[in-house]
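Observations on the model geometry
The chain contents come next:
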Amino acid sequence: MEKINHSTVTTNGIKMHVASTGSNSAPVILFLHGFPDLWYTWRHQLLHLSALGYRCIAPDLRGFGDTDAPASVSQYTVFHVVGDLVGLLDSLSIGQVFLVGHDWGAMIAWHFCLFRPDRVKALVNMSIALFPRNPVKRPVDKYRELFGDDFYICRFQKNQIVWQEPGEIEEDFAQMETSAIIRRFLTSRNPKPPCIAKEIGFRGLPVIRDMPSWLSDADIDYYASKYDQKGFTGGLNYYRCMNLSWELMAPWDGLQITVPVKFMVGDLDITYNTPGVKEYIHNGGFKKVVPYLQEVVVMAGVAHFLNQEKPDEVSTHIYDFIKKF
């Protein structure tokens, strides 16, 4: 993509790869990706919104793509990642941004707004709603109670005694071609909470034989080349730090998001079909935590990777919201 520039920025003790496009004097949109993803998930939005007069910046987050991946699992808390992003903005002399997040990028965006609302003009977040912190139950323990040990977040954990060694899930992934793993994740349209028995493994997940029109072999090849280079451990460490981040977040318990917010999700997204989530989003619970929530968009017939599946619609939704500010 010839209009997208690539650079490396030193921030918070790591070197971060950054994709960007648009005028340096234009208002800034900072895009945050999830797992198993890269800056590349925002390729359509970068071009679309820069053409509308914005400076668009999409880094590979810590542990992903061409950004450094610290060896210690404990270096992947929400504090580390938000710190990386604040340092990125400081290094580029950027004061405030419009923030856009998806999946883990959405979770990081929520915490960015909790820690540094002074740096955010408005937020468009996708797929992951913010729930109030449970003061007594750790998040992985909650998921294990709800869905059992085979739930994917539980499968992504590892024995803390051997944190520096490859985890069980890395061994599972190693049984497949990287491209096959990426294809399974990106094309899944099953809205049920994903539970993968150890004896079956991720290789036992169904594969959509015909590639959807919004995803090409070249796209899969790009993802595979970066994950072949870096591996999946950096991204998996975000899940492995969920309980640690929960512990460290205790001083912020009860805080609300104080920036204007638009939330988007596909109605086939597993995150939207988790028991209790729809009711929470639509019946007032979400609004209590995010009082400046102005819009909720549920996209019919759309799965988890909505920004890739419906790139023009998502870009338009982002623009229609942020142009107000």
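Cut-offs applied
- Residues numbered from 1 in each chain as written.
- Predicted model: local features only at pLDDT ≥ 70, side-chain atom pairs only at ≥ 80, totals over all residues.
- Heavy atoms only, no water.
- UniProt positions renumbered as here; feature names shortened; annotations may be inferred.
- Helix = DSSP H or I, 4+ residues; strand = E, 2+ residues; numbered from the N terminus.
- Buried < 20%, exposed > 50% of the residue type's maximum accessible area, 1.4 Å probe, protein only.
- Contact = heavy atoms within 4.5 Å.
- 1 Å grid on protein atoms, 1.4 Å probe; cavity = no way out; pocket = protein on both sides within 12 Å on 5 of 7 lines; lining within 4 Å.
- Points joined across faces, edges and corners; volume = space filled by probe spheres on them.
- Nonpolar A, V, L, I, M, F, W, Y, C, P; charged D, E, K, R; others polar.
- Pairing = 2+ DSSP bridges.
- Axes fitted to C-alpha atoms, helices over the stretch in contact; angles between N-to-C directions.
- Parallel < 35°, antiparallel > 145°, perpendicular 65-115°, else oblique.
- Left-handed = near helix turned anticlockwise from the far one by under 90°.
- Salt bridge = Lys/Arg side-chain N within 4 Å of Asp/Glu carboxyl O.

- The chain carries the name soluble epoxide hydrolase in an unreviewed UniProt entry, which gives Erythroxylum novogranatense as its organism.
- You can read under Sequence similarities (unreviewed entry) in the UniProt record for the chain the words "Belongs to the AB hydrolase superfamily. Epoxide hydrolase family."
- Its UniProt record, at the heading Subunit (unreviewed entry), says of the chain: "Homodimer."

1. Some words on the environment of proline 291
- Summarising the element assignment, proline 291 is placed in the loop between α12 (285-289) and β8 (293-299).
- Proline 291 sits in the partly exposed class, given a relative accessible area of 26%.
- Other than its neighbours up to four places away in sequence, proline 291 contacts Gln256 and Ile257.

2. Some words on empty space enclosed by the protein
- Using the criterion set out here, one finds one cavity of 30 Å³ or more in the structure.
- Estimated volume of the largest cavity: approximately 30 Å³.
- Lining the largest cavity, in full, are Leu186, Ser188, Arg189, Trp214, Ala303, His304, Phe305 and Glu309.
- Looking at side-chain class alone, the lining of the largest cavity contains four nonpolar, two polar and two charged residues.

3. Describing the sheet that holds strand β1 (residues 5-11)
- Pairing in this open sheet of eight strands is mixed, and the strands run β1-β2-β4-β3-β5-β6-β7-β8 from one edge to the other. Lying at the two open borders of the sheet, with one neighbouring strand each, are β1 and β8. The mean angle between the axes of side-by-side strands here comes to 20°, regardless of whether they run parallel or antiparallel.
- As judged from the seven bridges shared by β1 and strand β2 (residues 14-21), these two strands associate in the antiparallel manner. Directly across from threonine 11, in β2, lies its bridge partner isoleucine 14.

4. Remarks on the UniProt feature "domain: AB hydrolase-1" (unreviewed entry) in the chain
- UniProt annotation of "domain: AB hydrolase-1" (unreviewed entry) refers to residues 27-132 when read in the numbering used here.
- For residues 27-132, helix accounts for 32% and strand for 22%, while the C-alpha atoms at its two ends are 31 Å apart.

5. Quick notes on the environment of cysteine 113
- Position of cysteine 113 among the secondary structure elements: in helix α3 (residues 104-115).
- Through-space distance from the C-alpha of cysteine 113 to that of arginine 155 is 29 Å; in sequence the pair is 42 residues apart.

6. As for the packing of helix α7 (residues 178-187) against helix α8 (residues 217-230)
- Interhelical geometry of α7 versus α8 gives an angle of 120° and a closest axis separation of 9 Å. What the angle tells us is that α7 and α8 run oblique. Once α7 is placed against α8, the crossing between them reads as right-handed. Where α7 abuts α8, its residues Thr178, Ser179, Ile182, Arg183 and Leu186 lie against Ile220, Tyr223, Ala224, Tyr227 and Asp228.

7. A short note on the pairing of β2
- For β2, the buried fraction is high: seven of the eight residues fall into the buried class.
- Where β1 folds back onto β2 in an antiparallel hairpin, the turn is made up of two residues, including asparagine 12, whose phi is positive at roughly 55°.
- As judged from the four bridges shared by β2 and strand β4 (residues 55-59), these two strands associate in the antiparallel manner. Paired with serine 20 across the two strands is isoleucine 57, which belongs to β4.

8. Describing the pattern of salt bridges
- One pass over the full model with this rule turns up 18 salt bridges.
- A salt bridge links aspartate 118 to arginine 116; its shortest N-O distance comes to 2.8 Å.
- Arginine 189 serves as the salt-bridge partner of glutamate 309, at 3.0 Å between the closest nitrogen and oxygen. Within this pair, whereas glutamate 309 is found in helix α13 (residues 306-309), its partner arginine 189 is found in the loop between α7 and α8, the two being separated by 120 residues in sequence.
- By relative accessible area, which is 32% here, arginine 189 ends up partly exposed.
- What emerges from the salt-bridge pattern is a single network uniting Arg155, Glu168, Asp172, Lys198 and Arg203.

9. Observations regarding the layout of surface pockets
- Of the pockets and cavities examined, the largest pocket occupies roughly 1100 Å³.
- Met107, Ala129, Phe131, Lys142 and Tyr143 are, among the 44 residues lining the largest pocket, the residues nearest its centre.
- Only α3, α4 (139-147), α5 (152-155), α10 (242-248) and α12 provide two or more residues apiece to the lining of the largest pocket.
- Here the element with the most residues in the lining of the largest pocket is α4; it accounts for five residues.
- Residues of the lining of the largest pocket, tallied by class, amount to 28 nonpolar, nine polar and seven charged.
- Here the second largest pocket defines a volume of roughly 710 Å³.

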